[in-house]
Amino acid sequence: MLVRIARACHRRRWTTLLGWLLAALTLASVGGMAGTDFDSEYDLPDADSQRAYDVLERHFPEQAAGTGDIVLHADAGLDAPGVRQRARDVLAAARTADPVVAGVVAFDDATRGGLVSDDGTTATARIVFTVGRTEVPDEAAEEIERRLTGMSGGGLRVELSGTMFAPKPSTGLSEGVGLAAALVILLAAFGSLAMAGLPVLAALAGLLTAMGLVMLLSKAMNVPDFSMSVAVMIVLGVAVDYALFIAARYRRARRDGHDPEPAVALAAGTSGAAVLFAGTTVIVSLGGMFFMGVPFVYGLAVSCMVGVAATLGLALTLVPALLGIADRWLTPRGRLERRGAGARGAGSYAQVPASYELAPGPYEKLLRRRPLAVVVGATALLLVLCAPLAAMRLGSADAGNAPASDTTRRAHDLKQEAFGPGATAPLMVVADLRGASPGDTAGLVERLRRAPGVAHVSPPATSPDGRAQVLTVVPRTDAQDEATPRLVRDLRETALPEAAAGTPMRLHVGGVAATFQDLTDRMADRLAVFVLAVVVISALVLALMFRSPVVSVQAVVLTLLSLGVSYGLLVAVFQWGWAAGLLGTGATGPLESYMPMTLMALLFGLGMDYQVFVLARIREARLGGAQARDAVAEGLRDSRRVVLAAALIMAAVFAGFALSPDRIMKQFGLGLAGGVLVAAAAVLVVTPALLTYLGDRAWPGTSRLPGARPETAARTGEPTRT
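Numbering of residues starts from 1 in each chain and follows the order in which that chain's sequence is written. Reporting in this predicted model follows two pLDDT cut-offs: at least 70 for local features of residues, and 80 or more for side-chain atom pairs to be given and counted; totals over whole chains, interfaces and linings ignore these cut-offs and use all residues. Side-chain measures here rest on the full set of heavy atoms in the structure, leaving out hydrogens and waters.

1. What to know about the packing of aromatic side chains
What counts as a ring pair is set by centres within 6.5 Å for rings of Phe, Tyr and Trp (its six-membered ring), and what kind of pair is set by the plane angle: stacked under 30 degrees, edge-to-face over 60, tilted for all other angles. Taken as a whole and judged by the stated rule, the model has seven aromatic pairs. A ring pair is formed by Phe226 and Phe668, whose centres lie 6.2 Å apart and whose planes are at 35°; its orientation type is tilted. One end of the pair, Phe226, is in the loop between α7 (193–220) and α8 (227–255); the other, Phe668, is in helix α23 (residues 663–694), with 442 residues separating them in the sequence. Each member of the pair, Phe226 as well as Phe668, is classed as buried. For the ring pair Phe245 and Tyr610, a centre distance of 6.4 Å and an interplane angle of 85° mean the geometry is edge-to-face. Separated by 365 residues along the polypeptide, Phe245 in helix α8 and Tyr610 in helix α21 (residues 595–623) bring together distant segments of the chain. Each member of the pair, Phe245 together with Tyr610, is buried. By the ring-pair criterion, three or more aromatic residues cluster together here, those being Phe226, Phe296, Tyr594 and Phe668. Put simply, a charge is over a ring when the Lys NZ or the Arg CZ is close to the ring centre, within 6 Å, and near the line of the ring normal, within 35 degrees. The ring of Tyr693 carries the charged tip of Arg697 above its face, separated from the ring centre by 5.6 Å. Here a strand is any run of E in DSSP of at least two residues, a helix any run of H or I of at least four, and the numbering for each starts at the N terminus. Exposure is judged per residue with a 1.4 Å probe applied to protein chains only, and the accessible area is read against the type maximum: over 50% gives exposed, under 20% gives buried, and values in between give partly exposed.

2. Looking at the confidence of the model for the protein
When pLDDT is averaged along the protein, the result is 84; 91% of the residues meet or exceed 70. By mean pLDDT, strand β7 (residues 350–351) is the weakest element of the protein at 36, and strand β5 (residues 157–161) is the strongest at 95. The low-confidence segment residues 334–359, where pLDDT is below 50, has 44 contacts with residues more than four positions distant or belonging to other chains. As a per-residue quantity, pLDDT reports the predictor's confidence and falls between 0 and 100. Note on contacts: a residue pair is in contact if any heavy atoms of the two residues lie within 4.5 Å. When the criterion is pLDDT under 50, residues 703–722 qualifies, and its contacts beyond four places in sequence or with other chains add up to 38 contacts.

3. Let's talk about a nonpolar patch on the surface
Residues qualify for a patch when their relative accessible area is over 30% and they have no salt bridge, like charges being joined within 9 Å and the nonpolar side chains of Val, Leu, Ile, Met, Phe, Trp and Tyr within 5 Å. Note on areas: Shrake-Rupley, 1.4 Å probe, and residue coverage restricted to the protein chains presented here. Salt bridge, as used here, is a side-chain nitrogen of Lys or Arg placed within 4 Å of a carboxyl oxygen of Asp or Glu. A surface patch of nonpolar side chains, about 280 Å² in accessible area, is lined by Val30, Met33 and Leu216. As for its position among the elements, Met33 is in helix α2 (residues 13–34).

4. Some details on the pairing of strand β1 (residues 67–73)
Side-chain positions along a regular strand alternate between the two faces of the sheet. Here β1 lies mainly inside the structure; six of its seven residues are buried. For two strands to be treated as a pair, DSSP must find at least two bridges joining them. By the bridge criterion, five bridges tie β1 to β5 in an arrangement that is antiparallel. From the neighbouring strand, Asp69 faces β5, where its bridge partner is Ser161.

5. Here's the deal with the side chain of Gln517
The topology assignment puts Gln517 in helix α18 (residues 512–546). Accessibility expressed as a relative area gives 9% for Gln517, which makes it buried.

6. Let's talk about the packing of α8 against α23
Axes, fitted as lines to C-alpha atoms, cover a helix only where it is in contact. Angles between the N-to-C directions of the axes lie from 0 to 180 degrees. Packing of α8 against α23 brings their axes to within 10 Å, and their N-to-C directions diverge by 20°. Comparing their axes, α23 and α8 come out roughly parallel. As α8 packs across α23, the resulting crossing turns out to be right-handed. Residue-level contacts link Ser229, Val230, Met233 and Ile234 of α8 to Met665, Phe668, Gly669 and Leu672 of α23. The nonpolar class holds Ala, Val, Leu, Ile, Met, Phe, Trp, Tyr, Cys and Pro. Asp, Glu, Lys and Arg form the charged class, and all remaining residues, Gly among them, are polar. Taken together, the residues of the contact of α8 with α23 sort by class into six nonpolar, two polar and no charged. Here the angle decides the label: under 35 degrees means roughly parallel, over 145 means roughly antiparallel, 65 to 115 means roughly perpendicular, and every other value means oblique. The crossing is said to be left-handed when, going from far helix to near helix, the turn is anticlockwise and less than a right angle, and right-handed when the turn is clockwise.

7. Describing the environment of Ala205
With respect to the helices and strands, Ala205 occurs in helix α7. Note: C-alpha distance between Ala205 and Leu22 (183 residues apart in sequence) is 9.7 Å. Beyond its immediate stretch of four places on either side in the chain, Ala205 contacts Ala24, Leu314 and Leu318.

Put into structure tokens, the structure is as follows:
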């Protein structure tokens, strides 16, 4: 099937190219006109924090409105001459800043959320919006921030806090850096502008297609606001790699003397099949995220899945067309060698670089003499690099992890200095009275005030219908301190059940800290099922593809070790602060609770790309009649330059996203870049050494498999069995 598709696209190359460009531009345009409807709400069905929000939504309608805080600070005190009037002017400007602002709660209105520090130097006022916090338009938030922070001066500082004022994920610079790095690496590796430009052109088409699809997808389901950035990052990486794999195999076929169309067929039947399997593995791994039972994760998974699927379509159709268009530049007439002209047709010349026939290097010699030592040594090194994984802590970043240049970070610091660490991580205790009297919660307030780890408890506020109450509990520690999740658990397991005993009311704990604790617990509960599903499915498909359990098991183990190294890298940088200044990661803190699961889904598929490509080349040589050790040497020689270039390109694309101001994108970019490099290194070192050591034992029954050599199948148009 792949051979037939490639031949058809090669023959109708200009029609295929124009069709894809039209489709990509149309999708991007339609998606742009439709707009986006991303969601940053982390709904968790059946979680205690979600029940708290549900009670608030039913009985406190005003709680559905989004809010943000204006933080005012004056070293001389807010009552100093001239300062108080300036503060009042700030509140007046906030009320008229944008139609989306419903009103402003003054800092001296304590009953509605205003707050003034004991020394009178810091205060918070509250902006109430007409829409939910995730629905505040970016343009409105930027205008409010620009107007209010611009009023700082005269001894008064004005900062803003709230998710609507946080830095938005941006990928423009990252995309440019990644594509530029890919172009440079391709030029350095292959010395051909056509060989460098072809994968980049495929990546640009994939980028436009994926962006349009994700924008349209956001209208149909709940898609997190960072999904576009993640999908773009993945599409850029895999698009360049997949196009490179096929183009490199095509150029090798032309160098061996094949005419253009048979060369395209051969590339599609071998590397195209490997690309199809690799992309399918990525999609299957992403599909495993549906086992997590977290709705917002579904949107992230589907966004990446449609992007990878579109990239696969491009690689298997557009790339064969581009190979036909760029053939004269991909295989220029330089030092030529004519091979098998009688069998392949007159005039089928191809370039043979002087460096093509390489003598065994130091690694090849070591591989043949001490393969087991290479396996043991490399595996031990990977295990050492995985060591930081033992210290991994999950949670959620907040404004305290943002760069100091951001207004939400400065507001966060002012709040903690004035009101204590827990002021930035308040908990909401919500009482669904269910017929109980509002006075029945009087004992609850006293019990909460005596609870270890509680700094302050507000008086309860009763809903207009008298059927619910809410009170604010301020911890002594911030959201990222390990004591805060313990406080949440203690309240749920001890204090609240004791307070509700003998009454019909139900008590729930909400707030940002409680929500992310529920998310962390949900991820931890489901992670084992997710890992098992992804590993088992991938191992089975690998075993079916290569007909070797040993090959599939070693591929899975190496990919898991690469994933462990990626986790260790994130722990070292984001939790321990190693090189944090270079990346601008802000204060240290836990990794995002969904990061291990998402990284595994992505890296498990991406790491398999290199395994499949190298193993496919080795198996191709084995099916061609080479002895087991010779097949390993031939497959490694043919694939190592391509795999190394592909890994460097993908790592460069991912590392470019570490330049984003968003902490989540930094974690994705750095984790994926490190994991991809380690996966490629493991494939080029451990896999050949292990297969060399095992010899024929790694390929049981290979010599007895029916079917023609891959070259013969490609020339005749028959489906390849490789």
